[in-house]
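Observations on the three-dimensional arrangement
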Amino acid sequence: MASLSRLSLYVTVYLFLCLLANLTLVVMFLGGHTTHQHHTRPAPTPAWTPASGHSLGCDELPAIANLTLIGSGWTKAVYRGWYGGSWVAVKTVHTAGHDMSECRGEEASVCYRRCANKLRQEARWLTKLSHANVIKVFGECVPEVEYSAGPPRSGVAAVVVELGQPVRIVEVLQMGYEARLKLAVDVGRILQLLAHSPLGPVLMKDFRREQFVLVDGSLKLSDVDDVVVGEPACSTAQDCVIHDTTKEHVLTTVACDGGLCHGHNSLLNSIYAGQHFMRLLLPYGGPAALEAASLHLVEQQSLGRLDSEHLHTAIEALALNYSMGGYLTQAEKQEIQNFVVLPGSTVEGEDFPCLRSDGAQCVQSVSSPAEAASLCSQLPACSAFVLLQHWTWTGRQTAVFKKGTGKVREERRHTLYVRRGQG
Ligand SMILES: Nc1ncnc2c1ncn2[C@@H]1O[C@H](COP(=O)(O)OP(=O)(O)OP(=O)(O)O)[C@@H](O)[C@H]1O
């Protein structure tokens, strides 16, 4: 009964998310722009590339073309713009945002300056945190001038950064296992960075998906204006208690040592990351043999038993296990003996659909020819498979499974394996 009501809760949440996603699309359509599709490339503006190392400043800001608002939060309004042949994101003060509208008692210019300083501080922290999973800063312009509202132009505080796309739950849920595993590895690396950053141990007070963006399939930290640098102060262990998200139950306590709660930030970031990412990214869709380990990892994380360091190690180990096929049994590894190998050959057609992939072809990455042989043996329709010269980010090779070997032809870049007694 309990699992039935949990199931109906999941279905309701899922339907709500779908509805939300559709509404968002309608709103974006009516608004005349999409937040994630790049428009046709405009003509190049001044010679500049993100790799040039040249930092953009107030002089370059007016030359950023095709500005479109792509997102906003409490403090910032973010635009996409075109500069020197590349798309960039321009962060500005959100003049209609919470931080500006909350300070009614003060002069607008005072509030604006506070927000502009927050922008500048964020640019500094992003630069100091420099990492493959942190958005790159290309320049900033925070002039000491009077408050001036509107899109980025001279006189407006702005920080130019690498452009990403928002992390949308519906899209994440539609990703294949390997793409989700990549994001989980990225979360682990971001947690590790925050725990041992050049700034000291950093806590993301407001750890939500909105604080991250996707760039070419990688997760990157993009919003660090609301972080705490350094562990909280304490006088007894009681000050170092970590509660669950409802703030009602004590999850765990870290040591109070030398007046600081040691490991507090690392543990709390890990708990938040479990709720907002790992729960969605890890448990399902991978090899059945990895499911139990993945579920255990997510559970340990939510209970506050895995700090950032341990989570990072565990997720890297999981990814390595996946890439090497460490989960295969001896019997599964032996299946390859039932196949004949034909290097430089392929099969034309003979495709069949399967649960592992979309479309008419059965395509999947494999850790080795032995894993492909084992998978083929488990599929009643399968009598051969072709290994392509294509490897995924984990180093696994792409295999195409075939139902017959009617038309075998030469193909230098393929290796054909035919089940004995077939064809
Ligand atoms: N580099 C980027 N590329 C693309 N979109 C971005 C980028 N940075 C931020 N955004 C989008 O703009 C939104 C607002 O940006 P940001 O989170 O920095 O503002 P904020 O005012 O600090 O938000 P919050 O109130 O959540 O703290 C984000 O949720 C994200 O969707």
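Read on for a plain summary of the structure. All values reported here derive from a predicted model rather than from experimental measurement. (Residues numbered from 1 in each chain as written. Predicted model: local features only at pLDDT ≥ 70, side-chain atom pairs only at ≥ 80, totals over all residues. Heavy atoms only, no water.)

**Section: the sheet that holds strand β6 (residues 165-166)**
Spatially, 3 strands are ordered β6-β8-β9 in an open sheet, and the strand pairing comes out antiparallel. Of all strands in the sheet, those with a lone pairing partner are β6 and β9 (218-221), marking the two edges. Strand direction decides the pairing type here: β6 and strand β8 (residues 212-215), joined by 2 bridges, are antiparallel. Residue pairing across strands places Gln165 opposite Leu214, the latter belonging to β8. Sheet contacts for helix α5 (residues 177-195): β8 and β9; angle to β9, the most-contacted strand, approximately 25°. (Pairing = 2+ DSSP bridges. Helix = DSSP H or I, 4+ residues; strand = E, 2+ residues; numbered from the N terminus. Contact = heavy atoms within 4.5 Å. Axes fitted to C-alpha atoms, helices over the stretch in contact; angles between N-to-C directions.)

**Focus on the packing of aromatic side chains**
A full pass over the atoms with the stated rule returns 11 aromatic pairs. Summarising the aromatic geometry, the rings of Tyr177 and Tyr322 are spaced 5.2 Å apart at their centres and angled 70° between planes, so their arrangement reads as edge-to-face. One end of the pair, Tyr177, is in helix α5; the other, Tyr322, is in helix α8 (residues 308-324), and 145 residues separate them in sequence. Among the aromatic residues, ring-to-ring pairing joins Phe207, Phe212, Tyr272 and Phe277 into one connected group. In this arrangement the basic side chain of Arg80 is found over the ring face of Trp87, its NZ or CZ atom lying 5.4 Å from the centre. (Phe/Tyr/Trp six-rings, centres within 6.5 Å; stacked < 30°, edge-to-face > 60°. Lys NZ or Arg CZ within 6 Å of the ring centre and 35° of its normal.)

**Points about the sheet that holds strand β4 (residues 137-141)**
Pairing within the open sheet is antiparallel, and its 5 strands lie in the order β1-β2-β3-β5-β4. Every other strand in the sheet has two partners, leaving β1 (65-72) and β4 as the edge strands with one partner each. Strand-to-strand twist across the sheet, computed as the mean angle between neighbouring axes with direction ignored, equals 25°. Direction of pairing for strand β3 (residues 86-93) relative to strand β5 (residues 158-162): antiparallel, over a ladder of 5 bridges.

**Let's talk about the site of the ligand**
The full set close to the ligand counts 22 residues, and Trp74, Thr75, Lys76, Gly164 and Asp223 are the nearest of them. Contact between the ligand and Trp74: an oxygen atom at 2.7 Å from a main-chain N or O atom of the residue. Relative to its unbound accessible area of 620 Å², the ligand is 92% covered by the protein chains. Among the secondary structure elements, those contributing two or more residues to the shell around the ligand are β1, β2 (76-83), β3 and β5. (Near = heavy atom within 4 Å. Polar contact = N/O pair within 3.5 Å; in protein donor to acceptor, adjacent residues only side chain to side chain. Areas by Shrake-Rupley, 256 points an atom, 1.4 Å probe, with all protein chains shown as cover.)

**Considering the pattern of salt bridges**
Throughout the structure, instances matching the rule amount to 18 salt bridges. Salt-bridge contacts for Lys76 lead to Asp225; the nearest nitrogen and oxygen are separated by 3.2 Å. Taken together, the positions of Lys76 in strand β2 and Asp225 in the loop between β9 and β10 (227-229) put the pair 149 residues apart, joining distant regions of the chain. Both residues of the pair, Lys76 and Asp225, count as buried. It is possible to trace a salt-bridge network through shared partners that takes in Lys76, Lys91, Glu122, Asp223 and Asp225. (Salt bridge = Lys/Arg side-chain N within 4 Å of Asp/Glu carboxyl O. Buried < 20%, exposed > 50% of the residue type's maximum accessible area, 1.4 Å probe, protein only.)

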